[in-house]
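Each chain, written out:
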Amino acid sequence: MKILISNDDGYQAPGIVALYETLKEVAEVEVIAPEQNNSAKSNALTLHSPLSVTRASNGFRYVNGTPADCVHIALTGLLGYRPDLVISGINNGANMGDDTIYSGTVGAAMEGFLFGIPAIAFSQVDKNWGHLASAALKARDLILQMSHQNLVGINPWLLNVNMPNLPFDEMGHVKLCRLGRRHAAEAVITQMNPRGETMYWIGAAGPVKDEAEGTDFHATAQGYISMTPLKVDLTDHDNLGYWAQTAARLMAAPPV
Ligand code: MN
């Protein structure tokens, strides 16, 4: 099994190091990850400046770009082969509910999925790497199970996995979940710069809005590992009928 690992916390983050150290015992693993923290970069690609790739002393390669850049250039020329699996993480903090839209961790995995490769984004629910070794072992167990079930290297799929920061034996099993929802983000934070101009800082993510049973928020709060299959198609399929009628009315209406 050949695995490409990336993340959004940067190539020196403890989460990616732990994942690499754990997975290299069971697979051929390469790390290509951003040089800097790239939180909330989603699927962004760098189109207007060149990307450089540097080999770190531990063998990891880092890129002066986004998580999606890393996976994109890896799969379109840098690796020179097709990995069986793209893994992203382990992220420093939750990527649940609406977080998945913004998440660079998910973005890196999604880039693999877009190239037809199965991909998993792993995150720890709480920041600061508590019980990171346990999370890495759980990630490895899940990957090995999927490999043994012949789910790796054939049809692409995209999974978002969040793990509670618990010791290995206290972590619950994997629960299949839908994404929960968050409220809109907190207000923007303003500061005055030394020249008397206002600066704006993006506020914190909103509090949880939908944490009902069946959501990722609910499962991880109960100590389980949440696993949510993601898709890329943003079409509102449920409301296509409504919009068909509305679009017909709009097109039939006289110019305003
Ligand atoms: Mn991150």
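The structure under discussion appears in the preceding block.
Only a predicted model underlies this, so the values are computations on that prediction, with no experimental measurement involved.

(A) Just the side chain of Asn 7, in detail. You can see Asn 7 is positioned in the loop between β1 (2-6) and α1 (14-23). The exposure class assigned to Asn 7 is buried, which follows from its relative accessible area of 0%. At 2.8 Å, the side chain of Asn 7 forms a polar contact with the backbone oxygen of Gly 10. Contacts of Asn 7, omitting those with residues within four sequence positions, involve Ala 13, Ile 16, Ala 33, Pro 34, Pro 67, Ser 88 and Gly 89.

(B) Expanded view of the sheet that holds strand β8 (residues 174-176). Ordered by their spatial adjacency, 9 strands build an open sheet running β3-β4-β2-β1-β5-β6-β7-β13-β8, and the pairing between neighbours is mixed. Looking at strand neighbours, the two that pair on one side only are β3 (53-55) and β8, the edges of this open sheet. Adjacent strand axes in the sheet meet at a mean angle of 25° when their direction is disregarded. Along the sheet, α1 contacts β1, β2 (28-34) and β5 (85-92); its crossing angle with β5, the most-contacted strand, is approximately 135°.

(C) Spotlight on the coordination of the manganese ion. For the manganese ion, the full set of protein donor atoms is Asp 8 (OD), Asp 9 (OD) and Asn 91 (OD1), and the range of their distances to it is 2.1 Å. On the accessibility criterion, Asn 91 (6% relative accessible area) is buried.

(D) Structural view of the packing of helix α2 (residues 67-78) against helix α4 (residues 104-114). At a minimum axis separation of 7 Å, α2 and α4 run at an interaxial angle of 20°. Our classification of the angle between α2 and α4 gives roughly parallel. The hand of the α2/α4 crossing is right-handed. Contact residues: Pro 67, Ala 68, Val 71, His 72 and Leu 75 in α2; Gly 104, Gly 107, Ala 108, Glu 111 and Gly 112 in α4. When grouped by side-chain class, the residues that make up the contact of α2 with α4 number 5 nonpolar, 4 polar and 1 charged.

(E) Spatial organisation of the nonpolar core. In this structure, Ile 5, Ile 87, Ile 120, Phe 122 and Met 163 are the most contacted members of the largest nonpolar core, which totals 37 residues. Mapped by element, the contributors of at least two residues to this core are β1, α1, β2, β5, β6 (119-124), α5 (132-148), β7 (158-163) and β13 (225-229). The greatest single-element share of this core, amounting to 7 residues, is contributed by α5. Contact partners of Ile 87, with chain neighbours within four places excluded, come to Ile 3, Leu 4, Ile 5, Ser 6, Leu 19, Ile 120, Phe 122 and Ile 143. Core analysis: the next-biggest nonpolar cluster, separate from the first, contains 19 residues, Leu 4, Leu 79, Phe 113 and Leu 230 among them.

(F) Local environment of the pattern of salt bridges. Following the criterion strictly, the structure yields 6 salt bridges and no others. Across the pair Glu 25 and Arg 140 runs a salt bridge whose closest N-O atoms are separated by 3.0 Å. On the criterion of sequence distance, the pair formed by Glu 25 in the loop between α1 and β2 and Arg 140 in helix α5 is long-range, its members being 115 residues apart. Note on Arg 140: relative accessible area 19%, which makes it buried. Salt-bridge contacts for Arg 181 lead to Asp 98; the nearest nitrogen and oxygen are separated by 2.8 Å. On the criterion of sequence distance, the pair formed by Arg 181 in strand β9 (residues 181-182) and Asp 98 in the loop between β5 and α3 (99-102) is long-range, its members being 83 residues apart.

(G) Unusual backbone geometry, seen in detail. Geometrically, the link from Gly 89 to Ile 90 is a cis peptide bond, its omega value of -5° lying close to zero. A positive phi angle is found at Asn 128, which is not glycine, with a value near 80°. Within the secondary structure layout, Asn 128 lies in the loop between β6 and α5. The exposed category is assigned to Asn 128, whose relative accessible area is 65%. Look at Asn 150: it is not a glycine, yet its phi comes out positive at around 60°. Within the secondary structure, Asn 150 is located in the loop between α5 and β7. Judged by relative accessible area, which is 57%, Asn 150 ranks as exposed.

Reading the values: the criteria
Residues numbered from 1 in each chain as written. Predicted model: local features only at pLDDT ≥ 70, side-chain atom pairs only at ≥ 80, totals over all residues. Heavy atoms only, no water. Helix = DSSP H or I, 4+ residues; strand = E, 2+ residues; numbered from the N terminus. Buried < 20%, exposed > 50% of the residue type's maximum accessible area, 1.4 Å probe, protein only. Polar contact = N/O pair within 3.5 Å; in protein donor to acceptor, adjacent residues only side chain to side chain. Contact = heavy atoms within 4.5 Å. Pairing = 2+ DSSP bridges. Axes fitted to C-alpha atoms, helices over the stretch in contact; angles between N-to-C directions. Donors = N, O, S within 2.8 Å, 3.2 Å for Na, K, Ca; no water. Parallel < 35°, antiparallel > 145°, perpendicular 65-115°, else oblique. Left-handed = near helix turned anticlockwise from the far one by under 90°. Nonpolar A, V, L, I, M, F, W, Y, C, P; charged D, E, K, R; others polar. Core = buried A, V, L, I, M, F, W, Y, C linked by side-chain atoms within 4.5 Å. Salt bridge = Lys/Arg side-chain N within 4 Å of Asp/Glu carboxyl O.

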